[in-house]
Amino acid sequence: GHQPIGGLCHYIQRLLGLCNNFAYVVMLSAAHDILRGQEAQNRTSGFEVSESASSPLSSPSPVPNSNASRYDCNAISTAAILLADILPTLLIKFTAPFFLHLIPYNYRVLLCFLTAAGSFLIVSYSTAITVSLLGVVFASISSGLGEISFLGLTAYYHRDVVAGWSSGTGGAGIFGALSYLGLTWAGVSPRYTLLLMLVVPAIMLCSYFLLLIHPPSVPRWKWHTPGWSSFGATSDRQPLMDHDSCSRPTGIGFHNLTFSEKFCIIPGLIKYMLPLSIVYFAEYFINQGLFELLYFKNIILTHALQYRWYQMLYQAGVFISRSSVKCLSIRKIWVLALLQSLNMLFLLFAVYYMFIPSIYIIMTLIVYEGLLGGAAYVNTFNNIAQESKEEHREFAMSAACMADTLGISLSGGLAIPVHNYFCSLP
């Protein structure tokens, strides 16, 4: 029988989830610094720009902004970073489930590594906002391709590894936001912080190729030399644990579904995808549209630090709830969508009327927001994994990925005009 989820593959999937979402999270945590650093460069009066500010990310403490708005706005909303971070992912997720099965997993993971490492390098050394956004796009490609691939890969293992993956992606949030906050707070410049983070894509590469045991049915690259069936699968290579404890019987998982079969699966997923989209729409509207407007003057934290703390606390909530599926399983995802929408409306009124007296109230609401978002994600994919037919599961897991991404993209589009409206207020 199957071992409990303490199996090795559960923890490796957790590590892969953490590494996969790391670059994406860090780019959102650095969004305020990317934009503020670039503005510091472009400003010609009122502030001195140090020589080290040749890159948007070279100055550890962002320069204060000079505008008449009560919100201390960036000229460009952090939603611009969000859109660069999510639109490529959206494109990948909407198209990839229909052709990605033609590309072996090894090539996909290699591409994830190259784009994640590229994103850190490009943003670190960028001297223009457009180049920085290109780096963010690379992080997006890595995260989107990785998520759709690794969630599809769970179809070859015991159903419980979905919980490991979800917990890992939640861990990426807290680890990414906390490491960025901690290193920059300790005085490391944002540029060097990003360069240090290059170790994470390397860990992902090693985890997949060296640690994860691959069931024989997983599509992988093949050597053309006779006697080799697949990379590393020589007869003397013994698995670290019984396949039985982790993977499912050979042949299950890989099914060549026709295009029409795939299209027929999607309507059955709508009941989960729609509420997940709404949760993520509300969530990222708060994160990228309202976070930087929820600014408290005359407290010990600067505006940039307040923004980083908001991101970190949100990710803490996500991590807790994404790790909770074994303790608390939720079937009615629409309840979470309703609660998150109410949360968004409340914070929108809080920004407009500025009636919240303390930053600690906002911080508590942000943790609550993260808890709702994480719970929606892990329970959606857990429910799909439990209910899908075996032959449909790989495609269903990959296709459902597009729900959260669609919600995030729509929220980014709306957050920019809302940000501009608030920043135009005296």
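Residues numbered from 1 in each chain as written. Predicted model: local features only at pLDDT ≥ 70, side-chain atom pairs only at ≥ 80, totals over all residues. Heavy atoms only, no water.

Even after reading the chapter, I still don't get the overall build of the chain, so can you show me in this structure?
Regarding its fold elements, the chain presents 13 helices and zero strands. Ordered by position from N to C terminus, the α and β elements of the chain give α-α-α-α-α-α-α-α-α-α-α-α-α. Counting the 426 residues in the chain, one finds 59% classified as buried. Considering only contacts within the chain whose residues lie at least 6 apart along the sequence, 85% involve residues at least 24 apart. By element, 69% of the accessible surface of the chain is carried by carbon and sulfur atoms, the whole surface being about 17100 Å². (Helix = DSSP H or I, 4+ residues; strand = E, 2+ residues; numbered from the N terminus. Buried < 20%, exposed > 50% of the residue type's maximum accessible area, 1.4 Å probe, protein only. Contact = heavy atoms within 4.5 Å. Areas by Shrake-Rupley, 256 points an atom, 1.4 Å probe, with all protein chains shown as cover.)

Whenever I open this one, helix 1 (residues 8-29) confuses me. Can you help?
Along an α-helix, residues three or four positions apart point the same way, because every turn accommodates 3.6 residues. Here helix 1 is 22 residues long and its end C-alpha atoms lie 31 Å apart, about the 32 Å a rise of 1.5 Å per residue gives. At F22, helix 1 is deflected by roughly 40°, the largest bend along its length. Most of helix 1 sits inside the fold, with 18 of its 22 residues counted as buried. (Expected span 1.5 Å × (residues − 1). Bend = angle between axes of the 7 residues up to and from the residue.)

Explain the packing of aromatic side chains here, please?
Any aromatic ring pair is given by two values, namely how distant the centres are and how the planes are angled relative to each other. Considering all chains together, one arrives at 21 aromatic pairs under this definition. Ring geometry for Y208 versus F209: centroids 5.1 Å apart, planes at 90°, classification edge-to-face. Residue class for F209 comes out buried when judged on its relative accessible area of 16%. Measuring from ring centre to ring centre gives 6.3 Å for Y284 and Y314, while their planes differ by 80°; the resulting arrangement is edge-to-face. Remark: Y314 occurs in helix 10 (residues 303-322) and Y284 occurs in helix 9 (residues 259-290); sequence separation between them is 30 residues. An aromatic cluster is defined as three or more aromatic residues linked by ring pairs; in this entry it consists of Y71, F349, Y352, Y353, Y421 and F422. (Phe/Tyr/Trp six-rings, centres within 6.5 Å; stacked < 30°, edge-to-face > 60°.)

Would you mind going over the nonpolar core with me for this structure?
When a protein is soluble and globular, its nonpolar side chains tend to lie buried together. The biggest cluster of nonpolar side chains holds 118 residues, and the ones touching the most others in it are L153, Y208, Y310 and F381. What Y310 contacts, discounting residues up to four positions off in sequence, is F291, L294, F296, I359, I362, M363 and I366. (Core = buried A, V, L, I, M, F, W, Y, C linked by side-chain atoms within 4.5 Å.)

Mind showing me how you'd approach the pattern of salt bridges here?
A pair can form between side chains of opposite charge whenever their charged atoms are brought close. Enumeration over the complete set of coordinates arrives at five salt bridges. Note that D404 is salt-bridged to K93, the shortest N-O span being 3.7 Å. Placement of the pair is D404 in helix 13 (residues 390-424) and K93 in helix 3 (residues 79-95), with a sequence separation of 311 residues. On the basis of relative accessibility, which here comes to 5%, the residue D404 falls in the buried class. Using a relative accessible area of 1% as the deciding quantity, one classes K93 as buried. E390 is paired through a salt bridge with R393; the nearest N and O atoms lie 3.7 Å apart. Taken as a pair, E390 and R393 lie in helix 13 at a separation of three residues, close to a single helical turn. The exposure class assigned to R393 is buried, which follows from its relative accessible area of 0%. A cluster of three or more residues bridged by salt bridges with shared partners is formed by K93, E147 and D404. (Salt bridge = Lys/Arg side-chain N within 4 Å of Asp/Glu carboxyl O.)

Looking at this model, I keep getting lost on the packing of helix 1 against helix 5 (residues 129-153). Mind explaining?
Helix-helix packing: each pair is described by the crossing angle between the helix axes and the interaxial distance. Direction vectors running N to C along helix 1 and helix 5 enclose 155°, while the axes themselves pass 8 Å from each other. Judged on the interaxial angle alone, helix 5 and helix 1 are roughly antiparallel. Crossing of helix 1 over helix 5 shows left-handed handedness. Contact residues: helix 1 offers Q13, L16, N20, N21, A23, Y24 and M27, while helix 5 offers V136, A139, S142, S143, G146, E147, F150 and L153. (Axes fitted to C-alpha atoms, helices over the stretch in contact; angles between N-to-C directions. Parallel < 35°, antiparallel > 145°, perpendicular 65-115°, else oblique. Left-handed = near helix turned anticlockwise from the far one by under 90°.)

Where do I start with the packing of helix 6 (residues 161-185) against helix 10 in this structure?
Packing of helix 6 against helix 10 leaves a shortest axis separation of 8 Å and a crossing angle of 160°. Classified by the interaxial angle, the pair formed by helix 6 and helix 10 is roughly antiparallel. In this structure, helix 6 crosses over helix 10, and the sense of that crossing is left-handed. Each residue belonging to the contact of helix 6 with helix 10 can be placed in one class, and the counts come to 13 nonpolar, nine polar and two charged. (Nonpolar A, V, L, I, M, F, W, Y, C, P; charged D, E, K, R; others polar.)

In this structure, what is going on with the environment of V109? I would like to understand it.
Residue placement: V109 occurs in helix 4 (residues 105-125). Along the backbone, V109 and M204 are 95 residues apart, and their C-alpha atoms lie at a distance of 8.5 Å. If we ignore the near neighbours within four places in the chain, the residues touching V109 are F150, M204, L205, Y208 and F209.

Just to check I follow, could you spell out helix 12 (residues 359-387) for this structure?
Taking 1.5 Å as the rise per residue, helix 12 with 29 residues should run 42 Å; its terminal C-alpha atoms sit 42 Å apart, in good agreement. Of all 29 residues that make up helix 12, 21 are buried, and the element is covered over most of its length. The N-cap residue of helix 12 is S358: its side-chain oxygen and the backbone nitrogen of Y360 are 3.0 Å apart. (Polar contact = N/O pair within 3.5 Å; in protein donor to acceptor, adjacent residues only side chain to side chain.)

What am I meant to see in unusual backbone geometry here?
Phi is mostly negative for residues that are not glycine, and the peptide bonds are mostly trans. Of note in the backbone geometry, N298 takes a positive phi value of approximately 60° without being a glycine. Topologically, N298 is positioned in the loop between helix 9 and helix 10. Note on N298: relative accessible area 82%, which makes it exposed.

Could you clarify how one ought to interpret the environment of T89 in this entry?
Tracing the backbone through its elements, the reader meets T89 in helix 3. For T89 and S142, which are 53 residues apart along the polypeptide, the C-alpha to C-alpha distance reads 8.3 Å. Excluding residues that lie within four positions of it along the chain, T89 makes contacts with S140, G144 and T405. Within polar-contact distance, the side chain of T89 engages the side chain of S140 at 2.6 Å.

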